[in-house]
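Coordinate inspection notes
Residues per chain are reported as follows:
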Amino acid sequence: MTESCGKTHKKIETPLARAKGLGSAKSGYKHWWMQRVTALALIPLSVWLLFHLPNIFTASYAEAQLWMSDPWNAVTLLLFLWAAFYHALLGLEVIIEDYVHCHVGKPVMLIFTRFLFLGAGVMAVYAVLKINFA
Amino acid sequence: MKQRPLSPHLQVYRPQITSVLSILHRITGAGLTGGLLLLGWGIWSLSHSAEAYQCFTECMAHPLGKLVTIGFIWALCYHLLNGIRHLFWDAGLGFKMAAVNASGWVTVIASFVLTAVFACLYFY
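Conventions we followed
- Residues numbered from 1 in each chain as written.
- Chains lettered and ligands numbered in written order.
- Predicted model: local features only at pLDDT ≥ 70, side-chain atom pairs only at ≥ 80, totals over all residues.
- Heavy atoms only, no water.
- Helix = DSSP H or I, 4+ residues; strand = E, 2+ residues; numbered from the N terminus.
- Buried < 20%, exposed > 50% of the residue type's maximum accessible area, 1.4 Å probe, protein only.
- Contact = heavy atoms within 4.5 Å.
- Areas by Shrake-Rupley, 256 points an atom, 1.4 Å probe, with all protein chains shown as cover.
- Disulfide = S-S within 2.5 Å.
- Lys, Arg positive; Asp, Glu negative; His and termini not counted.
- Salt bridge = Lys/Arg side-chain N within 4 Å of Asp/Glu carboxyl O.
- Buried area = accessible area lost by both parts, 1.4 Å probe.
- Polar contact = N/O pair within 3.5 Å; in protein donor to acceptor, adjacent residues only side chain to side chain.
- Nonpolar A, V, L, I, M, F, W, Y, C, P; charged D, E, K, R; others polar.

Topic: the overall build of chain A
The helix and strand tally for chain A stands at 6 helices and 2 strands. Starting at the N terminus and walking to the C terminus, you meet the elements of chain A as β-β-α-α-α-α-α-α. Across the 134 residues in chain A, those meeting the buried criterion constitute 35%. Contacts in chain A between residues at least 24 apart in sequence constitute 67% of all its contacts with a sequence separation of at least 6. Carbon and sulfur atoms form 71% of the exposed surface of chain A, whose accessible area is close to 8,600 Å².

Some thoughts on the state of the cysteines
Tallied over the entire structure, the rule returns 0 disulfides over all chains. Considering cysteine sulfurs only, Cys120(B) is the nearest to Cys77(B), which forms no disulfide, with 12 Å between them.

Thoughts on the environment of His25(B)
Residue and element names in this part refer to chain B. Within the fold, His25 resides in helix H1 (residues 17-48). It is 7.0 Å that separates the C-alpha atoms of His25 and Asn82, two residues lying 57 residues apart in sequence. The residues contacting His25, other than those within four sequence positions of it, are Tyr78, His79, Asn82, Gly83 and His86.

Describing the side chain of Arg85(B)
All names here are of chain B. On the secondary structure map, Arg85 appears in helix H3 (residues 63-90). No salt bridge forms around the buried Arg85; measuring N to O, its nearest opposite-charge neighbour Asp90 is 12 Å away. Setting aside chain neighbours within four positions, we find Arg85 in contact with Leu21, Val100, Ser103, Gly104 and Thr107.

Let's talk about the interface of chain B and chain A
Contact residues are listed per partner, giving 35 residues for chain B and 46 residues for chain A. Carbon and sulfur atoms make up 80% of the surface buried where chain B meets chain A, a total of about 3,600 Å² over both sides. Interface area lost by chain B to chain A is led by Arg26(B), Ile43(B) and Leu46(B), which between them contribute 18%. At the surface where chain B touches chain A, the tally comes to 2 salt bridges. Asp98(A) is paired through a salt bridge with Arg26(B); the nearest N and O atoms lie 2.8 Å apart. Summed over the shared surface of chain B and chain A, the number is 7 residue pairs in polar contact (both at pLDDT 80 or more). Those elements giving two or more residues to the side of chain B that touches chain A turn out to be H1, helix H2 (50-61), H3 and helix H4 (97-123) of chain B. At 13 residues, H1(B) tops the list of elements feeding residues into the side of chain B that touches chain A. Of the residues that constitute the side of chain B that touches chain A, the class distribution is 24 nonpolar, 9 polar and 2 charged.

Laid out in C-alpha cells, this is it:
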C-alpha cells in the first residue's frame, strides 16, 4: 500500500521489487563496509606501529632517516597511513553525523573534515616517498 | 517543533560497562585522529629538514608531549582491542551478556597492561 495525493491505492509488485524500493544499501553500506575492512587491516599495522613508534618520535634525525629509508618500513608505513587516514575520516564522519544537529554546521564540518584528512594523508604519504626517492 | 532529546543520550542512562566502553571507543577514536595528525607532522618534519625534525622531537620530549604520547598509546591499545571486540560482534559472535561483560573487562585490563609495556619500550 502506498500513499500519494491523500489517496491510498494498491500497487501490484513482487516482494523483491518492494524490497528493492526500501532503504538504500548503496553508499551507506560502502561506508560501513570500508570501516570494517580498514579496521581489519589496522590490527597488524597498528601493532607494528606501536613497536616502531620510538623510531619516529624519539630517534635522532639520522636514525629516523635510516629507519624510514628501509623499504619494508616505508611500505608498511604507507599501508598504515592509507588505512589509518581512511578509517579516521570514516569514524569522524559518523561522529559528526550523529552528534552535530545544526543544518549548516553538519555539512560544513563534514566537508572540512574530509579536506583536512585527505590533505594531511597526502602530505604524510608524500613525505615518506620524498625521503625514499629524493 | 517539539524539542525532543537527541543523541548521545549520555545523561539519560545509568553508566554500565557496555555503555561506558561504547562511548570510550568513540572518544579514543576521535582522540586518535588527532594523534594521526601528530604522526603526520612528525613524518613531514623528517622529510623537510633536520631543524624541523628537531623541533618535532623536542615537542615530544616535553613533559606535555610525553603525556600526549602515553595518552596516544593507551587510546590506540584500547581502540584496537575494543575494535576487535566490535568485529566479533559484526560476525555475530560473543553477544551473550556474560561474554559481553567478560570481553569488556578483558579489554580494559589488557589496554592498561599493553600501555605499560609499550610505554616502557618507548621511554627506555
